[in-house]
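Next come the chains, spelled out residue by residue.
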Amino acid sequence: MGTDVLVLGSINMDIVARAATIPSPGETLAGSTLEYFPGGKGANQAVAARRAGAPTRLIGCLGEDGFGAQLRGFLDGAEVDTALVRDVQGPSGVALIVVADSGENSIVVVPGANALAAADQANADAFASAAVGIAQFEVPVASIEAFFARCQQAGVLTVLNTAPAIDEPGDCLDLADVLVLNETELAKYSGAVLHDDTAKAEIVAAARDVRSAPTQIVIVTLGARGVVAVAADTVTEVAGRAVEAVDTTGAGDCFVGYLAAGLRAAPPAGPGERALTEALTAALRQANLAASLCVQSPGAAPSIPSVADLPAAP
Ligand code: RIB
């Protein structure tokens, strides 16, 4: 069992306009600022795992354009290992984001180079040195399936963040030891009708419905309401933190990266024994804390805090 976090995922340049509200269909609004931030769910999660203290490698693709060079420079500066990030012909991934005064956002992602990200960019050594492998749905499903299969062969814990929710996830949910979903994604994959104020008992029931194996852990992020984790016989809740959100972009990624870094300390004891442990509970608390700081700064990857910046747990 290695000690690294290995991330397969997207790398985007986020082009972010701020406006009072998110425009409705057909509406044109005056914005106040336009900024460029490094982002992409894979890159954000890799930065989060690294800032949480884990040696972290990213498998992904960048275009041979100006954004590609800038994004690689940012990741290198953040001490994410980019040796497995390939430069490919064509544009880099781009996300067009509108952030409202409330801190909420809307995002359109144009995948570009991310559509070519593949597990075979990594050799056996990369998997052998990993403890936890993370993927999300901004790279092809077939690549995620191959990545998780290789993680399993190497005894690497697999974490799937089901963002953004897609219609045909293939075997990805089944191949994950740990699923991390937000409420929207949980509703899609469980079929449950969920609202912002749905009772936690119903969230837990929906989480149990998406569990594909008795050993799988399902973690539901509820924004300001905190986090619920459902394992075989255990339900763990972590309360949300009341903070003033400036920009929620990347907060989910911050959570996932910190969680993965924390899970390195909680390797599965063996097949059938992936129960919630004290280490997982601690990882949930720290990930929740980090995400609450992340929403208080603008941008995705740049707003992810380092572990040294986290306040002591209450
Ligand atoms: O999760 C936030 C990320 O989603 C942004 O950084 C953007 O690139 C999109 O992929």
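Residues numbered from 1 in each chain as written. Predicted model: local features only at pLDDT ≥ 70, side-chain atom pairs only at ≥ 80, totals over all residues. Heavy atoms only, no water.

Thoughts on the sheet that holds strand S2 (residues 12–19)
One open sheet holds the four strands; their spatial order is S3-S2-S6-S7, and the pairing between them is mixed. Both edges of this open sheet fall to strand S3 (31–39) and strand S7 (105–110), since each of them pairs with a single strand only. Taking the axes of each pair of neighbouring strands and ignoring which way they run, one obtains an average angle of 15° across the sheet. Here S2 pairs with strand S6 (residues 93–100) via eight bridges, running parallel. If you follow Ile 15 over to S6, its bridge partner there is Leu 96. Seen against the sheet, helix H2 (residues 66–77) touches S2, S3 and S6 and runs at an angle of roughly 95° to S2. (Pairing = 2+ DSSP bridges. Helix = DSSP H or I, 4+ residues; strand = E, 2+ residues; numbered from the N terminus. Axes fitted to C-alpha atoms, helices over the stretch in contact; angles between N-to-C directions. Contact = heavy atoms within 4.5 Å.)

Thoughts on the sheet that holds strand S13 (residues 235–238)
The strand order across the open sheet built from nine strands is S5-S4-S1-S8-S9-S10-S11-S12-S13, with neighbouring strands paired in mixed fashion. Where the open sheet ends on each side, the last strands, each with one partner, are strand S5 (85–88) and S13. Ignoring which end each strand starts from, the neighbouring axes of this sheet average 15° apart. Packing against the sheet, helix H1 (residues 41–51) makes contact with strand S1 (4–8), strand S4 (56–63), strand S8 (130–136) and strand S9 (157–161), and its axis sits at approximately 155° to S4. Packed onto the sheet, helix H7 (residues 200–210) meets strand S10 (178–182), strand S11 (217–221), strand S12 (227–230) and S13 and runs at close to 45° relative to S12.

Describing the site of the ligand
In the vicinity of the ligand, 14 residues are found, and the nearest of them are Asp 14, Gly 40, Lys 41, Glu 138 and Asp 253. Between Glu 138 and the ligand, the recorded distance is 2.6 Å, taken from a side-chain N or O atom to an oxygen atom. When isolated, the ligand has an accessible area of 280 Å², and the protein chains bury 96% of it. At the level of elements, S2, H1 and S7 are the ones that each hand at least two residues to the shell around the ligand. (Near = heavy atom within 4 Å. Polar contact = N/O pair within 3.5 Å; in protein donor to acceptor, adjacent residues only side chain to side chain. Areas by Shrake-Rupley, 256 points an atom, 1.4 Å probe, with all protein chains shown as cover.)

Some thoughts on the nonpolar core
By size, the foremost hydrophobic cluster in this structure holds 55 residues, and its most contacted members are Leu 58, Val 178, Ile 219, Phe 255, Tyr 258, Leu 259 and Leu 284. Discounting residues that sit within four places of it in the chain, Tyr 258 has contacts with Ala 48, Ala 49, Arg 51, Ala 52, Gln 286, Ala 287, Ala 290, Ile 304, Pro 305, Ser 306, Val 307 and Leu 310. One finds Val 88, Ala 122, Ala 126 and Val 156 within the second-largest nonpolar core, a separate group that totals 42 residues. (Core = buried A, V, L, I, M, F, W, Y, C linked by side-chain atoms within 4.5 Å. Buried < 20%, exposed > 50% of the residue type's maximum accessible area, 1.4 Å probe, protein only.)

Some points on the packing of helix H6 (residues 183–190) against H7
Relative to each other, H6 and H7 sit at 55°, their axes nearing to 9 Å. Comparing their axes, H7 and H6 come out oblique. For the pair H6 and H7, the sense of crossing is left-handed. When H6 is examined against H7, the residues Glu 183, Leu 186, Tyr 189 and Ser 190 are found in contact with a partner set consisting of Ile 203, Ala 206, Ala 207, Asp 209 and Val 210. Here the contact of H6 with H7 is composed, by residue class, of six nonpolar, one polar and two charged. (Parallel < 35°, antiparallel > 145°, perpendicular 65-115°, else oblique. Left-handed = near helix turned anticlockwise from the far one by under 90°. Nonpolar A, V, L, I, M, F, W, Y, C, P; charged D, E, K, R; others polar.)

Quick look at the side chain of Asn 44
Here Asn 44 lies in helix H1. On the accessibility criterion, Asn 44 (3% relative accessible area) is buried. With near-sequence residues (within four places) excluded, Asn 44 lies in contact with Pro 38, Gly 39, Gly 250, Asp 253, Ala 300, Ala 301 and Ile 304.

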